[in-house]
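# Report on the structure
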Amino acid sequence: TINSIMPEALGSFTIPGALHKQFKEQLENIIDTAPEKFRQNREMLTRTKQIHICNERTQNVLLDFKLSKLKSILSSATLNFIRKMGFISNEIIIHDAWLNKYNNEGSLPYHIHANSFISGTYFVNFDPKINSQLGFLNDRVKNAHARVPMIEIDRDDNVQTPWNIQEYLAGCEEGTVLLWKSHLIHGFTTPDKGENNRLTLSFNAIPRVCSQGDQFSFS
């Protein structure tokens, strides 16, 4: 007998059509008109026509552009996700939020988010036929991204199991919001896709009070 132990949680919900359309119009307008101070400019981004808005430490697209309704929805969903996983939290803070737009050969190198408990991505403009799904790497199999030394042996490609899978693709549609614990390795590469007009809003959240018993806590 083989039992699966300590699985990871991946939350997903869809913002209703009319509300999603409203948010999409607002966010596309921000991409087009945001002042230069909110834009992250790097040679790689310019070459691949990537646009990042509010990607600096002191910026937050939900606050800087007064997206209070969207912020409320994402906050409520994140709090609900935490509670459904079996943890206690009465309030969360979305301390980072930024927009990513990809064209041409855009990609998102696999990475984790530090100084965060829950991370999320809202797929604002996204067509699964031409845009890459967000992938999550199994750090127990992919040693290149592991944070501790480990033994690595060849996988049997003829035997697919939950334990030898290298990557999980989320399978999102436009309007989907994904939620996960921030230590999970995620990203996407685009060997066959152009990523035209792929627009997402990503965010990091942490409980306002982080505590474990009566000793170890901060707020």
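Here, every reference points to the structure presented above.
Report follows, based on the coordinates. (Residues numbered from 1 in each chain as written. Predicted model: local features only at pLDDT ≥ 70, side-chain atom pairs only at ≥ 80, totals over all residues. Heavy atoms only, no water.)

## Section: the packing of helix H1 (residues 17-33) against helix H4 (residues 68-84)
Two elements in contact, H1 and H4, have axes separated by 11 Å at closest approach and are oriented at 125°. What the angle tells us is that H1 and H4 run oblique. With respect to the hand of their crossing, H1 and H4 are arranged in left-handed fashion. On H4, the residues that touch Leu19, Gln22, Phe23 and Leu27 of H1 are Lys69, Leu70 and Ile73. Class assignment of the residues belonging to the contact of H1 with H4 gives a composition of 5 nonpolar, 1 polar and 1 charged. (Axes fitted to C-alpha atoms, helices over the stretch in contact; angles between N-to-C directions. Helix = DSSP H or I, 4+ residues; strand = E, 2+ residues; numbered from the N terminus. Parallel < 35°, antiparallel > 145°, perpendicular 65-115°, else oblique. Left-handed = near helix turned anticlockwise from the far one by under 90°. Contact = heavy atoms within 4.5 Å. Nonpolar A, V, L, I, M, F, W, Y, C, P; charged D, E, K, R; others polar.)

## Quick notes on the sheet that holds strand S9 (residues 176-181)
The antiparallel open sheet is built from 7 strands, whose spatial order is S1-S9-S6-S11-S4-S3-S2. The open sheet has two edge strands, strand S1 (10-14) and strand S2 (39-40), and neither has a second partner. Judged from the 2 bridges that link them, S2 and strand S3 (residues 51-53) form a sheet pairing that is antiparallel. Opposite Arg39, over in S3, you have Ile53 as the bridge partner. Lying on the sheet, H4 is in contact with S1, strand S4 (92-102), strand S6 (118-125), S9 and strand S11 (198-207); it crosses S4 at an angle near 115°. (Pairing = 2+ DSSP bridges.)

## Side note on the packing of aromatic side chains
A full pass over the atoms with the stated rule returns 5 aromatic pairs. Summarising the aromatic geometry, the rings of Phe136 and Trp180 are spaced 5.1 Å apart at their centres and angled 75° between planes, so their arrangement reads as edge-to-face. On the criterion of sequence distance, the pair formed by Phe136 in strand S7 (residues 135-137) and Trp180 in strand S9 is long-range, its members being 44 residues apart. Across this residue pair, the class does not change: Phe136 and Trp180 are buried. A cation over an aromatic ring shows up here: Arg198 above the ring of Phe188, its NZ or CZ 3.9 Å from the ring centre. (Phe/Tyr/Trp six-rings, centres within 6.5 Å; stacked < 30°, edge-to-face > 60°. Buried < 20%, exposed > 50% of the residue type's maximum accessible area, 1.4 Å probe, protein only. Lys NZ or Arg CZ within 6 Å of the ring centre and 35° of its normal.)

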